[in-house]
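Structural features, examined
In case you want the letters, here they are:
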Amino acid sequence: MPDYDVSAALDTDYYSVFSAFGTVSAEDRAHWERARAFIDEALPQMNEYWDRAEYPLHLVKRMGELNLLADGIEVPGLEPMSPLAAGLVNMEISRGDGSLGTVVAVQGGLALRSIAFHGSEEQKERWLGPLARGEELGSFALTEPDHGSDSVSLETTARLDGDHWVLDGEKKWIGNGASGGVTVVWARDEEGSVRGFLVEQDTPGYEAEVIEGKGSLRAIHQARIRLEGVRIPKDSVLPGARTFKDTSRVLVATRLGVAWSALGHATAAYEAAVNYAGQRVQFGKPLAKFQLVQDRLSQMLAELTSMQLHCVHLARLDAAGELRPTQASMAKYHNTRKARAIASTARDLLGGNGILLENHVVRHMMDIESIHTYEGTESVQALLIGRDITGVGAFA
């Protein structure tokens with residue numbers, strides 16, 4: 001048994017961001033509560049999976065059964081989820097575990113959204129339901145070994161050969177890329193246009209290996225993929241994706257999801273610190289009675305509250321169709337930075353106990369490092385925002 005129980009959810013909402021003025025409807029709250037119930041079920045398992053770097057695929061399927069993977073995408077036969085509900089689900093699952101939160105980002109945010117935005121009716125009918133229900137795994141292969149932040153420079157190629165496309169190239173850091181299912185591969189065609197292709201992972205020439213040695217998001221597998229003469233039917237191309245702007249449309253939508261995920265991680269770290277401060281006794285009294293501890297908890301709460309405000313306001317803009325790409329960039333830029341700071345403070349407040357997986361904080365602290373980087377690094381988000389402010393691009 002652990003010496004301290006720091007995992008209790010405290011429903012931190014100091015400004016009543018989620019409870020005032022009917023912010024969260026009954027329908028949205030039902031999605032949130034379903035995610036909370038799932039995390040209550042999954043959390044006791046996650047430290048061991050994280051420690052062993054094993055991917056709990058049964059939990060991915062469970063999320064699909066509970067309609068927690070769609071990330072706000074409308075899927076026939078599934079209850080729709082508003083942008084706020086999708087954010088709350090993302091937040092709640094990430095409050096439990098970052099690897100599971102990344103499953104939502106990859107399966108729903110990227111793979112499912114790519115097909116929903118750009119796929120043919122036949123492609124949507126084949127893949128949307130199975131991906132959303134967790135019956136099939138999906139991945140999104142854009143990043144390459146030599147092209148991360150400059151992914152617009154991707155080198156993977158696609159050429160027509162009769163009734164087939166032939167793909168060649170390499171991809172890296174692809175969640176679900178070696179786990180079976182379908183991969184949305186982004187490549188340049190012979191005219192230089194960026195296109196998306198649906199590649200089933202058992203296709204000859206598709207070779208993927210799980211990246212080992214990660215210190216973050218250890219309970220989901222990312223892959224390095226090699227595409228060598230991969231032949232896929234001509235109708236495997238996403239007809240609605242013809243430029244990198246189409247790819248970016250998917251990324252902008254999921255960038256806000258990263259801000260919600262950061263909020264979930266930060267909530268877990270803050271609440272662990274509050275729980276611990278009430279239980280840990282030093283110098284004859286609980287840590288919660290020390291002025292310095294109260295000051296640091298206050299700082300953490302102020303940062304957490306600002307993160308909540310960013311997320312809820314942008315969810316409203318998204319629902320109204322008024323969310324601008326750089327606003328999503330600002331939310332990610334702000335929230336992942338604040339999540340890092342909150343997790344660092346929480347780790348320090350827990351002292352030596354802060355590095356134990358049983359107290360969860362170090363797992364969140366390490367997993368935040370990945371979400372701080374993926375979907376565009378801090379520097380890239382700053383340059384996107386800076387270009388919007390000044391009208392001048394500074395990427396090259």
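Residues numbered from 1 in each chain as written. Predicted model: local features only at pLDDT ≥ 70, side-chain atom pairs only at ≥ 80, totals over all residues. Heavy atoms only, no water.

As a further point, take empty space enclosed by the protein. Here the structure, examined in full by the defined rule, presents 2 cavities of 30 Å³ or more. Its volume calculated, the largest cavity comes out at about 100 Å³. For the lining of the largest cavity, the secondary-structure elements that each account for two or more residues are α3 (83-96), α6 (244-279) and α9 (361-373). Among the elements that line the lining of the largest cavity, the one with the most residues is α6, at 3 residues. Here the residues of the lining of the largest cavity are counted per class, giving 5 nonpolar, 5 polar and 3 charged. Volume-wise, the second largest cavity comes out at about 50 Å³. (1 Å grid on protein atoms, 1.4 Å probe; cavity = no way out; pocket = protein on both sides within 12 Å on 5 of 7 lines; lining within 4 Å. Points joined across faces, edges and corners; volume = space filled by probe spheres on them. Helix = DSSP H or I, 4+ residues; strand = E, 2+ residues; numbered from the N terminus. Nonpolar A, V, L, I, M, F, W, Y, C, P; charged D, E, K, R; others polar.)

All told, the structure shown has 22 salt bridges when counted by the stated rule. Put simply, R36 and D11 hold a salt bridge, and the shortest N to O gap is 2.8 Å. Residue R36 is found in helix α1 (residues 26-52), and its partner D11 is found in the segment before α1; the two are separated by 25 residues along the sequence. Ionic pairing is found between D97 and R363, a salt bridge with its closest N-O pair at 2.8 Å. With D97 in the loop between α3 and α4 (98-118) and R363 in helix α9, the pair connects residues that are 266 residues apart, well separated along the chain. For R363, a relative accessible area of 0% translates into the label buried. Put simply, D11, R36, E92 and R95 are held in one network by salt bridges that share partners. (Salt bridge = Lys/Arg side-chain N within 4 Å of Asp/Glu carboxyl O. Buried < 20%, exposed > 50% of the residue type's maximum accessible area, 1.4 Å probe, protein only.)

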